[in-house]
Amino acid sequence: MDTAQKMMSGFSLDLGPLKEPLGFIRVLEWVFTIFAFATTGGYSGTTHLKVPCPGKDALDVSAVFGYPFRLPAYPYKIPTCNGSTSNETFLQGDFSSSAEFFVCVGVFGFLYCTATLILYLGYQNVYRQTTRGPIVDLVVTAAFAFLWLVSSSAWGKGLTDVKWATNPNHLVEICKDICQPGEFPSMGRLNASVIFGFLNLILWAGNCWFIYKETPFHKDPLPPATMEEGGAPGP
């Protein structure tokens, strides 16, 4: 209770840091981090095959898949023109590790952005009162920049594999005698997620410089030496 009261008593809302690169870039990180994990975590797509039948419309086969992209968990059945249905068939490939890692980095990045924005806007005097705050902020921001590099690269490769595994031209190989490729699944949202991941890398890495300027490692040059007080003026 006492700690909460001390925190509230020290809170002083100041929107001034939002006009500085330190706060403005943090807001951009907050927004683009949400875009990154939301476009991945909420994705659901459908790939299609067709079974042509003489004298009637082709039968549509739909295979639904989505996050976290454990494709063997999504079964689908291929019908025949005589009305019978084959056994369940499954999409192949488990790409959950790269997708979940990417989303995890995004969620933790969002939480860190939220916490630091509260610190910047409500406890700016506490943040700059000691050297510990900016140093910790610099280390954590640099760590997130590295994590965005690794997770975005891994998810970019994972997305390429997801596209191949759900490509109708690839799926017809298991029923090429009776199947034809259908519509491709829409991957625009997932493509955007990879772009947001690398944009976050640029933002977090660039923000390291502005946080570095708040640390004691970045110091202004010493002022030029002045004449001693009380010295006689020159002629």
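Residues numbered from 1 in each chain as written. Predicted model: local features only at pLDDT ≥ 70, side-chain atom pairs only at ≥ 80, totals over all residues. Heavy atoms only, no water.

Here we take up the nonpolar core. Grouped together as the largest cluster of nonpolar side chains are 37 residues, with contacts concentrated most on F65, F69, Y76, W148, W155 and W204. Of all the elements in the fold, those that place two or more residues in this core are α2 (21-41), β1 (44-53), β2 (56-66), α3 (96-122), α5 (132-165) and α7 (188-212). If you tally residues by element for this core, the top one is α5, at seven residues. Ignoring sequence-local partners within four residues, the contact set of W148 consists of T33, A36, F102, V105, G106, G197, N200, L201 and W204. (Core = buried A, V, L, I, M, F, W, Y, C linked by side-chain atoms within 4.5 Å. Buried < 20%, exposed > 50% of the residue type's maximum accessible area, 1.4 Å probe, protein only. Helix = DSSP H or I, 4+ residues; strand = E, 2+ residues; numbered from the N terminus. Contact = heavy atoms within 4.5 Å.)

Before going further, it helps to examine unusual backbone geometry. The omega angle of the peptide bond from Y67 to P68 is 10 degrees, so this bond is cis rather than trans. Tracing the chain through its elements places P68 in the loop between β2 and β3 (75-76). With phi around 65 degrees, F69 is a residue other than glycine that occupies positive phi space. Mapped onto the secondary structure, F69 falls in the loop between β2 and β3.

All right, on to the sheet that holds β1 then. Here we have three strands laid out as an open sheet, ordered β2-β1-β5, and antiparallel in their pairing. Each end of this open sheet is capped by a strand with a single partner; those strands are β2 and β5 (180-181). The pairing of β1 with β5 spans two bridges and is classified as antiparallel. When the bridges of β5 are listed, L49 appears paired with P181. (Pairing = 2+ DSSP bridges.)

Moving on, we come to the side chain of S98. Note that S98 resides in helix α3. We classify S98 as buried; its relative accessible area is 11%. Filtering out sequence-adjacent residues up to four positions away, S98 remains in contact with A154, W155 and G158.

Attention shifts here to the pattern of salt bridges. As enumerated under the stated definition, the model contains four salt bridges in all. One salt bridge connects E29 with R26, and the closest N-O pair in it is separated by 2.6 Å. With E29 and R26 both in helix α2 and three residues apart, the pair spans about one turn of that helix. Residue R26 is classed as buried on the basis of its relative accessible area of 0%. Of the charged contacts in the structure, one is a salt bridge between D137 and R26, with a shortest N-O distance of 2.9 Å. With D137 in helix α5 and R26 in helix α2, the pair connects residues that are 111 residues apart, well separated along the chain. Shared partners join several salt bridges into a network, and the residues in it are R26, E29 and D137. (Salt bridge = Lys/Arg side-chain N within 4 Å of Asp/Glu carboxyl O.)

Under the counting rule described, the total for this entry stands at 14 aromatic pairs. Ring centres of F32 and F196 lie 5.9 Å apart, and the angle between their planes is 55 degrees; this geometry places the pair in the tilted category. Here F32 is found in helix α2, whereas its partner F196 is found in helix α7, with 164 residues between them in sequence. Under the relative-accessibility criterion, F196 is labelled buried at 17%. Measuring from centroid to centroid gives 6.0 Å for Y43 and F65, while their planes differ by 50 degrees, and the two rings are tilted. Here F65 lies in strand β2 and Y43 lies in the loop between α2 and β1, a separation of 22 residues in the sequence. According to the relative accessible area criterion, F65 is buried, its value standing at 1%. An aromatic cluster is present here, built from Y43, F65, Y67, F69 and W155 joined pairwise through their rings. Sitting above the plane of the W204 ring, R26 keeps its charged end 5.3 Å from the centroid. (Phe/Tyr/Trp six-rings, centres within 6.5 Å; stacked < 30°, edge-to-face > 60°. Lys NZ or Arg CZ within 6 Å of the ring centre and 35° of its normal.)

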